[in-house]
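Analysis of the macromolecular model
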Amino acid sequence: MHCRATSPAFAPYQCGKAVATFAARFLFPAMDKNKFLSNIDPAALDGLYQQYRSDATSVSPDLARFFEGFDLARARFPELPGQAAPGGAGQEQLGKEFKVIALINAYRERGHLFTRTNPVRERRTYTPTLDLANFGLAEADLPAEFDAGSEIGIGRATLATIVAHLKATYCQSIGAEYRFIRDVERTQWLQERMEKDRNTPDFSTEEKKEILRKLGQAVVFERFLGKKFIGQKRFSLEGGETLIPALDTVIEHGADAHGITDIVIGMAHRGRLNVLANTFNKTYESIFADFEGRDYEDAYVEGDVKYHMGFNSCMVTNKGKGINLILVPNPSHLESVGPVMEGLSRALIEKDHGFQSGKLCPVLIHGDAAIAAQGVVYELAQMAGLKAYSTGGTLHVVVNNQVGFTTNYIDGRTSTYCTDVAKVTQSPVFHVNDDDAEAVCHVMKLALDYRQRFKSDVFIDLLGYRRHGHNEGDEPKFTQPILYKAIATHKDPREIYSEKLQASGAIEASVAEEMEDSFNQLLQERLTESKELPKAVITSFLADRWMGHVRATVEGLQRSPDTGVKKEQLLKIAAKLAEIPAGKKFFNKLERILHERAKMVEEDRLDWSMGELLAYGTLLCEGHSVRLTGQDVERGTFSHRHAVVKVEDSEEEYIHLKHLQEGQALMQVYNSLLSEYAVLGFEYGYAFATPSALTLWEAQFGDFMNGAQIIIDQYLSAAEEKWNAMNGLVLLLPHGYEGQGAEHSSARMERFLQMCAEQNMIAANPTTPANFFHLLRRQLTWSFRKPLVVFTPKSLLRHPRCVSRMDDLASGRFQEVIDDPSADAAQVGTLILCQGKVYYELLECKEEAAAADVALVRVEQLHPLPVPQLEAIFAKYAAAKDVRWVQEEPRNMGAATYMLEHLHQVKGAPAAADVRVVARKASGPPATGSGVRSALQQKAIMAEAFADRTPVKAVKQVKSKVRA
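Below you will find a few notes about this structure.

Scoring rules and cut-offs
Residues numbered from 1 in each chain as written. Predicted model: local features only at pLDDT ≥ 70, side-chain atom pairs only at ≥ 80, totals over all residues. Heavy atoms only, no water. Helix = DSSP H or I, 4+ residues; strand = E, 2+ residues; numbered from the N terminus. Lys, Arg positive; Asp, Glu negative; His and termini not counted. Charge placed at Lys NZ, Arg CZ, Asp CG, Glu CD. Expected span 1.5 Å × (residues − 1). Buried < 20%, exposed > 50% of the residue type's maximum accessible area, 1.4 Å probe, protein only. Contact = heavy atoms within 4.5 Å. Salt bridge = Lys/Arg side-chain N within 4 Å of Asp/Glu carboxyl O. Phe/Tyr/Trp six-rings, centres within 6.5 Å; stacked < 30°, edge-to-face > 60°. Lys NZ or Arg CZ within 6 Å of the ring centre and 35° of its normal.

The subject of this paragraph is the overall build of the protein chain. Each helix and strand in the protein chain was counted, giving 33 helices and 26 strands. Structurally, the protein chain occupies a C-alpha span of about 120 × 75 × 50 Å along its principal axes. Put simply, the protein chain has 111 plus and 124 minus side-chain charges, and the middle of one group is 3 Å from the middle of the other.

The next subject is helix α27 (residues 769-781). Taking 1.5 Å per residue as the helical rise, α27 with its 13 residues ought to reach 18 Å, and the 18 Å between its terminal C-alpha atoms agrees with that figure. Among the 13 residues of α27, 12 are classified as buried, and the element is accordingly described as predominantly covered. For α27, the complete set of buried residues consists of P769, A770, N771, F772, F773, H774, L775, L776, R777, R778, Q779 and L780.

Trans peptide bonds make up most of the peptide bonds, and negative phi angles are found at most residues other than glycine. The amide bond that connects T127 to the next residue, P128, takes the cis arrangement and shows omega of -5°. Residue position: P128 is located in the loop between α4 (89-110) and β1 (145-146). Here the bond from H863 into P864 is cis, since omega is -10°, no more than 30 degrees from zero. Topologically, P864 is positioned in the loop between β24 (861-863) and α30 (867-876). Positive phi outside glycine occurs at N199, with the angle close to 50°. Within the secondary structure, N199 is located in the loop between α6 (184-196) and α7 (205-228). Unlike most non-glycine residues, F235 shows phi in positive territory, near 50°. By the secondary structure assignment, F235 is in the loop between α7 and α8 (243-258).

Topologically, A381 is positioned in helix α13 (residues 375-383). Residues A381 and S336, 45 residues apart in the sequence, show an inter-C-alpha distance of 13 Å. Here A381 is in contact with V421 and T425, once residues within four sequence places are set aside.

Let us look at the pattern of salt bridges. Under the counting rule described, the total for this entry stands at 53 salt bridges. A salt bridge links K491 to E499; the nearest nitrogen and oxygen atoms lie 3.1 Å apart. Taken together, the shared-partner salt bridges in this structure form one network comprising R223, D492, R494 and E516.

All told, the structure shown has 23 aromatic pairs when counted by the stated rule. Ring centres of F541 and F688 lie 5.2 Å apart, and the angle between their planes is 85°; on these two criteria the pair is classed as edge-to-face. Of the two residues, F541 is situated in the loop between α18 (509-530) and α19 (554-558) and F688 in helix α23 (residues 677-688); the sequence distance between them amounts to 147 residues. You can call F688 buried: its relative accessible area is 1%. Here a set of aromatic residues connected by ring pairs shows up, and it is made of F221, F224, F229, Y284, F288, F291 and F519. Its end group placed over the ring of F291, K306 keeps NZ or CZ at 4.4 Å from the ring centre. The ring of Y839 is capped by R858, whose NZ or CZ atom sits 3.7 Å from the centre of that ring.

Below, the structure is given as structure tokens:
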């Protein structure tokens, strides 16, 4: 209730003194925490009060609530302050009004601690309670009427009525945490919405029957699986079946009330089969067939367990609205799917809905143990409001089993609730008894309405239980004997709701029985049909978005397509990249960088960053969107990119790549938050839905990628074989040994190469701007998509010899292998294969030593191994029997092991045992912390690379024998 407009006017000092007097006499006994008001200067207090009267949001929420109570008292008792004698009836009544207001606020703030939300356990005890005595009130006050009832929308009412209203709103099957939200408008919206209808469901008979129908599907489906596939893992939803009507509510209400056309869901394994069957309408027979253990029709696809698979479907709501549903595939790594789902949602919001997030709703389903303990949840929460990652709010639904595998909830977290991460981003939380199906569906509507209005995350904690152990073969009584004794006799939510509806007269007992019999008969029929199904077929969960793209073949990967761009177009884009826009003043160093861009074009000596920017620019002008994120990518970790520049006086951002030509595609470049795991997962998800766009993530230093190892291991390297889902994400990983220590040298190339198999990804280490240019463009020129891991340079960014000509970009293609342009095969006795930065150091040593008998060949693409190109090299240098692999990484790292293992594929290549590896000695850390030692090690590599070479004369003798 707001009474500011009708409050009597006061002189400043009088008003401030009045507020202080009220606080001292009436509020302190119940609100002891505000005693600071008793010593405040009345004039200062009046200033705050006048500020509040102008704008309630300009003062703290606590002070705003206090002033609101003051206005209420002024409206009710206009003769105050001070006129009534101490101890008078009016003053006593006013004092109690304030105590009732304190009671109301306590229910709003702490009512969630005293709810009936746990279906199988007694709630923990919290103090102080909401007893009247704790607010200076007594049972004798219950019949008395108070104007404070207007605060909760019921007008003047007895204390008994007020308390009953508060208990119904805040202490029944729904507990609401929202008073920590600092935005007054959001708090007020939730408060009024819940208190208006006492936060109590009000569904029609038909809606109740629909809830029962969905609940019946969930319960009966799990029972059927348990009977027909005894002992098989399915990670049952039993104990949390109300999730199914909850999701149904989001779909129906979202489409009908808000015009939502897409819902993207991410979830772990528990309950996934139930969601696939009863939310996504995946056919029961196909799910049953998965239990039978069929092989896959596709020899390339390795597949995954049935409770990891993705799916999509189109459905029509009960009111005839169409809606698209996507379930994102996931591994066993809990919560890893969250950022992937959000990235995919962001892509769809951009591409399908013109950045209008209200048309798509992301839903992320958590487990209670995982949401409390997995760090990626916090990373994802911090991304929710950032421009680069916002999806307009997510519904976070927790299937709360009150246990994590075998770990009790009290051992699984320090926080009161598993959802306390929500407070980081000021997101409301609703705790709901999962046995109360109507309360669950009511909260889902409320949560969705809030999300749509405020574009904010909302957390819904469905408190249920897990009827079986972690899986159906696990015995939970080993670790929770008391809990599982209670669960054994506990009715399922369908039975509870059916009895409730029968008791209210909404349905007859026969209705529920008929529903169950009919559904069981349907399941049995589908089970019979499943036994006739042939081998399993895994279809991409986004097949409609990947039409026109085909799976890569070995032959298709062996030779890169042409990726050159007309020189005229390159020069036009280059001019735009060097432009200083009219009316924009950049600071001197930045203007000098732009002048240097123009100069390098004029001198035809393009550096690394220019090659990169031209690759993006040409793709944008061809209609391909480009998205680049990561830590410090706008400027570049090494101050080389400057894709985003700032106006000197205003810090206005200017992105040259957005101003190339009319009608160009979307360019996005964002500095990420200081996260690898969630950010890489987000970009991977984004690339899932954008096969025609170039999506890139850059690590600040290459080895920081190991903070996102789960995304690399479980998604990037394996998704196509597990889920038949292509992805073209590009990773840029700065790599090179320049004496910067163990954490800033290696991008852990060996780990990627160990994961490389069957063309699952591309791993490359280009050494020229032109080859990098062609490599990036090749990603979108191919008719298929593969993850691309690029080991990018650091010192080469400004190396005087690491430059390319414009003609190198205008024609040609990515060169998987680069031959030595100065080598005469007739003179070469030693063939050195290398990759990356070390080439330029080897080149310098070769020139200093005038080693015409050495050929330096760069392997620019490591995986898939460029077999035809290497065969040509070995054929050309057939007489060179001294073959060396030179790298700057330790012997047990880098590409040495990979190359020796795979060289047998190359006709004419020597046996692995005959290849001399020159590298740092095997080591635990990737590099030394001493710059001096690093330089000595590098010098030793150069010396060994050119030591003990085969004499040219011996080479000629070998050639003579070959001719003979």
